[in-house]
Amino acid sequence: MFYYLLKYVVLGPLLRLVFRPRIEGLEHIPEDGAAIVAGNHLSFSDHFLMPAIIKRRITFLAKAEYFTGPGIKGRLTAAFFHSIGQIPVDRSGKEAGQAAIREGLGVLSKGELLGIYPEGTRSHDGRLYKGKVGVAVMAIKAGVPVIPCAMVGTFEIQPPGQTVPRVKRVTIRFGKPLDFSRYAGLEDQKAAIRAVTDEIMYAILGLSEQEYVDEYATKVKAAQSAEQPRKFPRRQR
């Protein structure tokens, strides 16, 4: 109930008014039945803009940190994500990945739309990074189509570290559904799920026209953080 109140009465109309999103390929979202919408992830604003323009309800696998933040802000953020039906996912470790897949398959088993960002985290520099294979495992196991999606311009309105987004028009593009039925039963084969994931990422790349980096975003972020010089306090004389 609260989800549809935000979507059609409160947040949805406001986002459309402020950002005036150009929407392309919305007809590729099926009117019913299970499907995965897989998109690039450039900004915190992505969480709100894409669901606002899709007619159907879509459930995202959201990082657990959104549900465990400290203080009043943390509690409000957790309450908001819970109220719109988002599912917290612990992104640390292999077992955490398996838990995310189980949660996603649960959504798809009910004939609903599942939203996922295959990169696993927001892009810190606006480029598109290598996709993680969980999206492929879910697509093959559930036997559902994957609709690629590209958010264009959201990095410019709200890059990492910026709390209040800039008012600027954005574009949201959806591609034709990708059918992976030819991989049925191969969700445990590394080569198969890598091939499916790469096909999804290539489709997203074609829509977004970003620069592609064939490495995981989390690995690149960690390497850059390690290279930053450590700051030591001045010694008192």
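Described below are features of the structure shown in this document. Along each chain, residues carry numbers from 1 onward, in the same order as the chain's sequence is written. Reporting of local features is limited, given that this is a predicted model, to residues whose pLDDT is at least 70; pairs of side-chain atoms are given and counted only at 80 or more, and all residues count toward the totals for whole chains, interfaces and linings. Values shown for side chains rest on all heavy atoms present in the structure; no hydrogens or waters enter the calculation.

Focus: the overall build of the chain
Where we set the bar: For helices the rule is a DSSP run of H or I covering at least 4 residues; for strands it is a run of E covering at least 2, with both sets numbered from the N terminus onward. Working definition: with a 1.4 Å probe on protein chains only, accessible area under 20% of the residue-type maximum means buried, over 50% means exposed, and in between means partly exposed. In this description, contact between two residues means that some pair of their heavy atoms is separated by no more than 4.5 Å. Throughout, the Shrake-Rupley method with a 1.4 Å probe supplies accessible areas, and for residues the shown protein chains are the sole cover considered.
Scanning the chain for helices and strands turns up eight helices and nine strands. Within the chain, the fraction of its 237 residues that count as buried is 45%. The contacts in the chain between residues at least 6 apart in sequence include a share of 78% that link residues at least 24 apart. Here the chain displays about 13,100 Å² of accessible surface, and carbon together with sulfur accounts for 55% of that area.

Comments concerning a nonpolar patch on the surface
Worth spelling out the cut-off: Here the term patch refers to residues with relative accessible area over 30% and no salt bridge, with like charges joined within 9 Å and nonpolar side chains (Val, Leu, Ile, Met, Phe, Trp, Tyr) within 5 Å. Salt-bridge detection follows one rule: a side-chain nitrogen of Lys or Arg within 4 Å of a carboxyl oxygen of Asp or Glu.
Side chains of Tyr4, Leu5, Tyr8, Val9 and Val10 sit close together on the surface and give an oily, nonpolar patch of about 480 Å² of accessible area. Tracing the backbone through its elements, the reader meets Tyr8 in helix H1 (residues 2-19). Judged by relative accessible area, Tyr8 falls into the partly exposed class, the value being 48%.

What about the pairing of strand E2 (residues 35-39)?
Cut-off, in case you're wondering: Pairing between two strands is assigned when DSSP locates at least 2 bridges connecting them.
Buried residues dominate E2, accounting for five of its five residues. The alternating pattern of E2 places Ala35, Val37 and Gly39 and Ile36 and Ala38 on opposite faces, both of which are buried. Pairing geometry for E2 and strand E7 (residues 146-152), over four bridges, is parallel. Bridge pairing links Ile36 to Val146 in E7.

Here's the deal with helix H7 (residues 190-208)
Residues lying three or four places apart along an α-helix face the same way, a consequence of the helix completing one turn every 3.6 residues. Let me state the cut-off plainly: Between the first and last residue of a helix there are one fewer steps than residues, each counted as 1.5 Å, and that sum is the expected span.
Over its 19 residues, H7 extends 27 Å from the first C-alpha to the last, a length consistent with the 27 Å expected when each residue adds 1.5 Å. Those residues of H7 not exposed but buried are Ala192, Ile193, Arg194, Val196, Thr197, Ile200, Met201, Ala203, Ile204, Leu207 and Ser208. For H7, the elements touching its buried residues are E2, strand E6 (128-129), helix H5 (134-142), E7 and strand E8 (171-174). Looking one or two residues past H7, Glu209 carries a phi angle of roughly 60 degrees, positive in sign.

Some remarks on the environment of Gly97
Structurally, Gly97 can be placed in helix H4 (residues 94-109). Accessibility expressed as a relative area gives 31% for Gly97, which makes it partly exposed. Along the sequence, Gly97 and Gly134 sit 37 residues apart, while their C-alpha atoms lie 7.2 Å from each other.

A word on the packing of H5 against H7
Note the cut-off: To define axes, lines are fitted to C-alpha atoms, for helices over the stretch in contact only, and angles between the resulting N-to-C directions are given on a 0 to 180 degree scale. For classification purposes, angles smaller than 35 degrees are called roughly parallel, those larger than 145 roughly antiparallel, those between 65 and 115 roughly perpendicular, and all remaining angles oblique. Residue polarity follows a fixed list, in which Ala, Val, Leu, Ile, Met, Phe, Trp, Tyr, Cys and Pro are nonpolar, Asp, Glu, Lys and Arg are charged, and the others, Gly among them, are polar.
Packing of H5 against H7 leaves a shortest axis separation of 8 Å and a crossing angle of 105 degrees. Put simply, H5 runs roughly perpendicular to H7. Note on element contacts: H7 touches H5 through Ile193, Val196, Thr197 and Ile200, opposite Val135, Ala136, Val137 and Ile140. A per-class count over the contact of H5 with H7 returns seven nonpolar, one polar and no charged.

Details of the layout of surface pockets
Which entries qualify depends on this criterion: A 1.4 Å probe that fits but cannot get out identifies a cavity on a 1 Å grid over protein atoms alone, an open set with protein on both sides within 12 Å along at least five of seven lines counts as a pocket, and a residue lines either if it has an atom within 4 Å of a point. Grid points are joined across faces, edges and corners, and a volume is the space filled by probe spheres set on the points.
Here the second largest pocket defines a volume of roughly 610 Å³. Along the wall of the second largest pocket there are 25 residues; nearest its centre are Phe44, Phe48, Gln158, Gln162 and Thr163. Going through the elements one at a time, H1, helix H2 (46-53) and helix H3 (71-83) are the ones with two or more residues in the lining of the second largest pocket. Per element, the largest residue contribution to the lining of the second largest pocket is five residues, and it comes from H1.

Describing the packing of aromatic side chains
Rules: When the centres of two rings from Phe, Tyr and Trp lie within 6.5 Å, Trp using its six-membered ring, the rings pair. Their planes under 30 degrees apart give stacked, over 60 give edge-to-face, and anything left gives tilted.
Within this structure, the stated rule accounts for three aromatic pairs. Plain terms: the ring middles of Phe44 and Phe48 are 5.4 Å apart, the flat faces sit at 65 degrees to each other, and that makes the pair edge-to-face. Between the aromatic rings of Phe180 and Tyr183, the centroid separation amounts to 6.4 Å while the plane-to-plane angle is 50 degrees, which identifies the pairing as tilted. On the basis of relative accessible area, Phe180 is assigned to the buried category, the value being 3%. Residue Tyr183 is classed as buried on the basis of its relative accessible area, which comes to 16%.

Description of the nonpolar core
How we decide: Throughout, nonpolar core names a set of buried Ala, Val, Leu, Ile, Met, Phe, Trp, Tyr and Cys residues whose side chains join them through atoms within 4.5 Å.
Counting residues in hydrophobic clusters, the biggest one holds 31 residues, and the most contacted among them are Ile36, Leu61, Met138, Val146, Phe180 and Ile200. For this core, the secondary structure elements donating two or more residues are E2, strand E4 (87-89), H4, strand E5 (113-116), H5 and H7. Counting residues per element, this core draws most heavily on H7, which supplies seven residues. Residues within four places of Leu61 in sequence aside, it is in contact with Ile87, Val89, Ala100, Glu103, Gly104, Leu114, Gly115, Ile116 and Met138. By size, the runner-up hydrophobic cluster in this structure holds 22 residues, among which are Val37, Ala52, Ile54 and Met151.

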